[in-house]
Amino acid sequence: MDTIFIHPTAVVDEGSAIGNGTTIWHFTHIMPGCTIGERCNIGQNVVISPQVVLGNNVKVQNNVSIYTGVTCADDVFLGPSMVFTNVSNPRSAINRRGQYEKTHVGKGASIGANATIVCGNDIGDYAFIGAGAVVTKHVPPYALVIGNPARQVGWISEYGHRLVFDAQGRATCPESGEVYERKAGSIFKIVY
């Protein structure tokens, strides 16, 4: 039977839901009202705010703060020290609680170390956000984005390999052998 491991230095407030097989490491704070799925790994010095939802098998690396308004689907990877925001115009003297903008990270997406996701911008399934990127608009599924501001430079497979399309608009992942097709500015995995 799976168990939940919580390091003795972590603080887990009452009222949070944590799935079986999840591990929570040193100096992490899990606030009330958040939901963490099964088999997640929550690194050191992480803060997960109220109403945050993490799916199953989410990997949160060290020094990440996940603020109210953020949801992550299954199999998401959040790299070391990456940043979410939840208010687009913060001011110390003005309380904007309850005005949090939502951000959803799709299934299997990866966000690299030190990347910043500006609130209100969703990350599509299996998208790959390069280290240090600053995302200021929605990222489509399977997109590879880098830079500040982040710009799309290609497409990526579910296994994390850059896709190279042939004249017919098809690409094969070198690791999985899965085939992808490009149509009308989007890509789709071909299921046989």
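Above this text you will find the structure in question.
Notes on the structure follow. (Residues numbered from 1 in each chain as written. Predicted model: local features only at pLDDT ≥ 70, side-chain atom pairs only at ≥ 80, totals over all residues. Heavy atoms only, no water.)

Right, let's get into the sheet that holds strand β10 (residues 59–60). Here nine strands make up an open sheet; going across it, the order is β1-β4-β7-β10-β13-β16-β18-β20-β21 and the pairing mixed. This sheet does not close on itself; its edge strands, each paired only once, are β1 (5–6) and β21 (151–155). Across two bridges, strand β13 (residues 77–78) lies against strand β16 (residues 110–111) in parallel orientation. Opposite Phe-77, over in β16, you have Ser-110 as the bridge partner. (Pairing = 2+ DSSP bridges. Helix = DSSP H or I, 4+ residues; strand = E, 2+ residues; numbered from the N terminus.)

The next point concerns the nonpolar core. Counting 45 residues, the largest nonpolar core has Ile-42, Ile-48, Leu-54, Ile-66 and Ile-129 as the members making the most contacts within it. Listing elements by their share of this core, those giving two or more residues are β12 (70–72) and β20 (143–146). Once you skip the residues sitting within four places of it in the chain, Ile-48 turns out to touch His-29, Ile-30, Met-31, Cys-34, Ile-36, Ile-42, Leu-54 and Ile-66. (Core = buried A, V, L, I, M, F, W, Y, C linked by side-chain atoms within 4.5 Å. Buried < 20%, exposed > 50% of the residue type's maximum accessible area, 1.4 Å probe, protein only. Contact = heavy atoms within 4.5 Å.)

The residue after Asn-148, namely Pro-149, is reached through a cis peptide bond having omega -5 degrees. Turning to its location among the elements, Pro-149 is positioned in the loop between β20 and β21. A positive phi angle, close to 65 degrees, is found at Asn-114, a residue other than glycine. As for its position among the elements, Asn-114 is in the loop between β16 and β17 (116–117). Residue Asn-114 is classed as exposed on the basis of its relative accessible area, which comes to 52%.

The next subject is the packing of aromatic side chains. Per the counting criterion, the structure on display carries three aromatic pairs. On the numbers, 5.5 Å between centres and 20 degrees between planes, the contact of Tyr-126 with Tyr-142 is stacked. Taken as a pair, Tyr-126 in the loop between β17 and β18 (128–129) and Tyr-142 in the loop between β19 (134–135) and β20 lie far apart in primary sequence, 16 residues in all. (Phe/Tyr/Trp six-rings, centres within 6.5 Å; stacked < 30°, edge-to-face > 60°.)

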